[in-house]
Protein chains: 2
Amino acid sequence: MTHRFLVGRDLALSTDQARQIATVLRLRPGDQVTLLADGEELDYRLDQVSAAAVAGTVVARRPAGAEPRVRLVLALPLLRGEHSELVLESATQLGVARFVPYTSSRSVARELGTEKRKRWERIAREAVETSRRARLPEIAPVMGWPQLFEELEGDTLVAWEEEHTLRLGDAVPRGSDAVSLVIGPEGGLTPDEVDLARRNGAQVVSLGRRPLRAETAAIAAVAELIAALDR
Amino acid sequence: MTHRFLVGRDLALSTDQARQIATVLRLRPGDQVTLLADGEELDYRLDQVSAAAVAGTVVARRPAGAEPRVRLVLALPLLRGEHSELVLESATQLGVARFVPYTSSRSVARELGTEKRKRWERIAREAVETSRRARLPEIAPVMGWPQLFEELEGDTLVAWEEEHTLRLGDAVPRGSDAVSLVIGPEGGLTPDEVDLARRNGAQVVSLGRRPLRAETAAIAAVAELIAALDR
């Protein structure tokens, strides 16, 4: 397996990527890497390698083929510590197309600073490379609860611990181009917040009989939903 | 929501739990906690509270109701850093009944020392309390690859990146009391190892078109499997 790098449409490797190729991986002219670019996967032969810049030639290209067939948007609560990052990493590998970070009344974490956002972007990029997705998920600005529903796309599902009847697996929207999934923060969503979601057309679903921590809930729900949607 | 504590059949709270009740949570006689004991959930009124010992009275008991209907065994590769712990935490919340840690030829991490095993047990206990399961999952000794198949129970599924046809969701065993799931280590399983699994009767399945890191694969596969089995 060759090393994979996510690049833009111009196929240019960044200085960080050049440094990694030259200094960390110690690749040489003639070695091959894989570029992931805008839905394509390209075999790329290195012609010039230095820590400042790398140049090469595309020797084969094919559709990346690993993007899910349905656009999944994840409304991700800001979580304490590194829990949001953990979800971001796994959910990007699983195929989420867009993250909408948000806070609600019981949120503990409330801010996504510039440094942390940069870190999120780096984590998402690495997860795309791991999972051969060839397209970076978008990370929207942080929203509040009512505002969130203007940002979501397609059919919206809200996972709620107090819902005991309708299971996620029985509520998977069929035939939609886009599906949005909302997971609550550590302290949960309030009944008023869930009412507002319902008035915005969201379906409220259960993730099963066991209460889950927010990050487990997010990864588990994305996994179940993607498995059902991307067939 | 009251605080939940996993205890044995004798309902005795450990000194660690007593200290948490007295010193961290600062509960007083008359306050109530929830005990999770051997499949039951009990409302427990505190009568005496000190950092050394707590005594109380059961005021109500009911079946815990959160154990999955099927016994799921997870063969969990020893992973680098804290990745195994992460899987252990999420997979316990999701409902895994037994963990069988193992190493195979491409494993990077190879040992589960006494301290680390204690840490695993603490993580599993906390995850049981989070998810109201009332039964601690077993953590088996570390196995090698061939030996592993003597330890697994029921129908066995092996998730493999090189399997592209049969999806996990299409291979869920029906009518089994127990199902075992094997996830590969960071470096993946070798074709020889997968052959040996097949000769031991295992079904080899795909987790979808995107390569996943081992810990994402484990949590996603457990989530999908439990959602299908525990209905």
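This text goes with the structure placed above it.
Residues numbered from 1 in each chain as written. Chains lettered and ligands numbered in written order. Predicted model: local features only at pLDDT ≥ 70, side-chain atom pairs only at ≥ 80, totals over all residues.

Here we look at the interface of chain B and chain A
In this complex, chain B contributes 25 residues to the contact, which on the side of chain A involves 25 residues. Elements supplying a minimum of two residues to the side of chain B that touches chain A: α2 (83-94) and α6 (214-229) of chain B. The biggest single contributor to the side of chain B that touches chain A is α6 of chain B, with seven residues. Residue classes in the side of chain B that touches chain A are distributed as nine nonpolar, nine polar and seven charged. (Contact = placed C-beta atoms within 7 Å. Helix = DSSP H or I, 4+ residues; strand = E, 2+ residues; numbered from the N terminus. Nonpolar A, V, L, I, M, F, W, Y, C, P; charged D, E, K, R; others polar.)

Concerning the sheet that holds strand β2 (residues 32-37) of chain A
Residue and element names in this part refer to chain A. Taken together, the four strands give an open sheet; going across it, the order is β1-β2-β3-β4, and neighbouring strands pair in mixed fashion. Looking at which strands have only one partner, the edges of the open sheet turn out to be β1 (4-7) and β4 (54-63). In this sheet, neighbouring strand axes are inclined to one another by 35° on average, regardless of whether the strands run parallel or antiparallel. Across nine bridges, strand β3 (residues 40-49) lies against β4 in antiparallel orientation. Following the sheet pairing, Arg45 is matched in β4 by Thr57. This element, helix α1 (residues 15-24), spans β1, β2, β3 and β4 of the sheet and lies at about 100° to β4. Each of β1 and β2 is contacted by helix α3 (residues 114-131), which is oriented at about 125° to β1, the strand it contacts most. (Pairing = 2+ DSSP bridges. Axes fitted to C-alpha atoms, helices over the stretch in contact; angles between N-to-C directions.)

Section: the relation of the copies chain B and chain A
With an RMSD of 0.0 Å, chain B superimposes on chain A once it is rotated by 180° and translated 0.0 Å along the axis. Here the symmetry operator amounts to a two-fold rotation axis. No C-alpha of chain B approaches the rotation axis more nearly than that of Glu224 of chain B, which lies at 2.5 Å. (Least-squares fit on C-alpha atoms with pLDDT ≥ 70 in both.)

A word on the packing of helix α6 (residues 214-229) of chain A against α6 of chain B
Where α6 of chain A meets α6 of chain B, the closest approach of the two axes is 8 Å, and the angle between their N-to-C directions is 70°. By the criterion of interaxial angle, the relationship of α6 of chain A to α6 of chain B is roughly perpendicular. With respect to the hand of their crossing, α6 of chain A and α6 of chain B are arranged in right-handed fashion. In this structure, α6 of chain A contributes Ile219, Ala220, Ala223, Glu224 and Ala227 of chain A to the contact, and α6 of chain B contributes Ile219, Ala220, Ala223, Glu224 and Ala227 of chain B. (Parallel < 35°, antiparallel > 145°, perpendicular 65-115°, else oblique. Left-handed = near helix turned anticlockwise from the far one by under 90°.)

What about unusual backbone geometry?
Residue and element names in this part refer to chain B. Positioned with a positive phi, Leu11 is a non-glycine residue whose angle comes to about 65°. Mapped onto the elements of the fold, Leu11 is located in the loop between β1 (4-7) and α1 (15-24). A residue is classified by how many C-beta atoms lie within 10 Å of it, and Leu11, with 15 of them, is partly exposed. (Buried ≥ 20, exposed ≤ 12 C-beta atoms within 10 Å, placed from the backbone.)

Quick notes on the environment of Val194 of chain B
All names here are of chain B. For Val194, the position within the fold is in helix α5 (residues 191-199). Sequence-wise, Val194 and Gly113 are 81 residues apart; in three dimensions their C-alpha atoms are separated by 27 Å. Beyond its immediate stretch of four places on either side in the chain, Val194 contacts Val158, Trp160, Leu189 and Val204.

A look at the nonpolar core
Formed by 135 residues in total, the largest nonpolar core has its most connected members in Val222 of chain A together with Val222 of chain B. The residues contacting Val222 of chain A, other than those within four sequence positions of it, are Leu74, Ala91, Leu94, Val96 and Leu181 of chain A. (Core = buried A, V, L, I, M, F, W, Y, C linked by C-beta atoms within 7 Å.)

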